[in-house]
Amino acid sequence: MAALYRPRLFTDLAAACALVLTSSSVAEAGAVGSTPVRTFEYSVGGMEMKVPTGCLFTHIIRGGGKKITYQNAGVDCAFVGALSSGFCNWRIDFTYADTDNRTYRTSRGRTHDECKIDPMRNNSPQTLPRYGKACAHLYVNGVRRVSQCHHITR
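Here the structure is a predicted model, which means the values were calculated and not measured.

S.K.: Would you take a moment to explain the overall build of the protein for this structure?
M.R.: Looking only at helices and strands, one finds 1 helix and 12 strands in the protein. Its helices and strands taken in sequence order, the protein reads α-β-β-β-β-β-β-β-β-β-β-β-β from the N to the C terminus. With 154 residues in all, the protein has 40% of them scored as buried. Taking as baseline every contact in the protein between residues at least 6 positions apart, the subset at least 24 positions apart corresponds to 63%. Split by element, the accessible area of the protein, about 8600 Å² in all, is 54% carbon and sulfur.

This is the structure:
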């Protein structure tokens, strides 16, 4: 089962390497970051679900200055995490905060009622009104379980 999720992991790693190794005459920037998803339990339809260790929440962002040309967030699981039933009633939100850490924009994702081992979401390109940070948040059954942020600076 873990072999099914290796291609996404390798794609994410290749994207991270490409961002580091590429150079351009245009001021382009990008960031890739992953945060471990901690073990947690929740109830769906009277059944207890458990998400074990072995999953990472990855947030990728590309652009320059306040302009975001690409943004994606999702979960990759390996080992025991890849054998679990996954994440049920999940959604991924993107938030944007200013340099004083005040959130001024939220792009709320759709809640997916199916269970998925590798939830993922892209967000539309956009130009932010101010510098600060862009974050991605994974919600499972209405509870925020993990976040990953990148600072947007000059």
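Next comes the rest of the account.
S.K.: How should I be thinking about the side chain of T58 in this particular structure?
M.R.: Secondary-structure assignment places T58 in strand β4 (residues 55–64). Of the polar contacts made by the side chain of T58, one reaches the side chain of S34; its length is 2.7 Å.

S.K.: Help me understand the nonpolar core in this model?
M.R.: Nonpolar side chains tend to gather and get buried jointly when the protein is soluble and globular. Ranked by size, the top nonpolar core spans 26 residues in total, and within it V37, F57, F87 and L138 carry the most contacts. Of all the secondary-structure elements, those providing two or more residues to this core are β2 (40–44), β3 (47–51), β4, β5 (67–77), β6 (87–98), β11 (132–140) and β12 (143–152). Counting residues per element, this core draws most heavily on β6, at 6 residues. Sequence-distant contacts of V37, defined by excluding residues within four places in its chain, comprise V51, C55, L56, F57, F87 and V146.

S.K.: Quick question: what am I supposed to make of unusual backbone geometry here?
M.R.: Excluding glycine, a negative phi dihedral is what most residues carry, and trans is how most peptide bonds are arranged. The phi angle at N89 is positive, at roughly 50°, despite the residue not being glycine. Structurally, N89 can be placed in strand β6. Its identity is not glycine, yet N141 carries a phi of approximately 55°, on the positive side. Mapped onto the fold, N141 is located in the loop between β11 and β12.

S.K.: It is not clear to me how the pairing of β11 should be interpreted in this structure. Could you clarify?
M.R.: Of all 9 residues in β11, 8 are buried, a share of seventy percent or more. As judged from the 9 bridges shared by β6 and β11, these two strands associate in the antiparallel manner. Within β11, the position partnered with T95 by the bridge is C135. Pairing analysis gives 9 bridges linking β11 to β12, with the strands arranged antiparallel. Its bridge partner lying in β12, A136 is registered against Q148. The hairpin turn running from β11 into β12, its antiparallel successor, is 2 residues long, and N141 in that turn takes a positive phi close to 55°.

Thresholds, definitions, all that
- Within any chain, residue numbers begin from 1 and follow the written order of that chain's sequence.
- Given that this is a predicted model, residues contribute local features only at a pLDDT of at least 70 and side-chain atom pairs are listed and counted only at 80 or more, while totals for whole chains, interfaces and linings are drawn from all residues.
- Side-chain numbers here rest on the full set of heavy atoms in the structure, without hydrogens or water.
- Helix numbering and strand numbering both begin at the N terminus, where a helix is a DSSP run of H or I of at least 4 residues and a strand a DSSP run of E of at least 2.
- Burial classes: relative accessible area under 20% of the type maximum marks a residue as buried, over 50% as exposed, and values in between as partly exposed (1.4 Å probe, protein chains only).
- The contact criterion used is simple: two residues touch if any of their non-hydrogen atoms lie within 4.5 Å.
- To measure how exposed things are, a 1.4 Å probe is used in the Shrake-Rupley method; for residues, cover is taken only from the protein chains shown.
- What qualifies as a polar contact is a pair of N or O atoms within 3.5 Å, subject to a donor-acceptor requirement within protein and to the restriction that residues adjacent in sequence count only when both atoms come from side chains.
- Among buried residues, those of type Ala, Val, Leu, Ile, Met, Phe, Trp, Tyr and Cys that are joined through side-chain atoms within 4.5 Å constitute a nonpolar core.
- One requirement defines pairing of two strands: DSSP has to find at least two bridges between them.

Geometry only, nothing functional implied.
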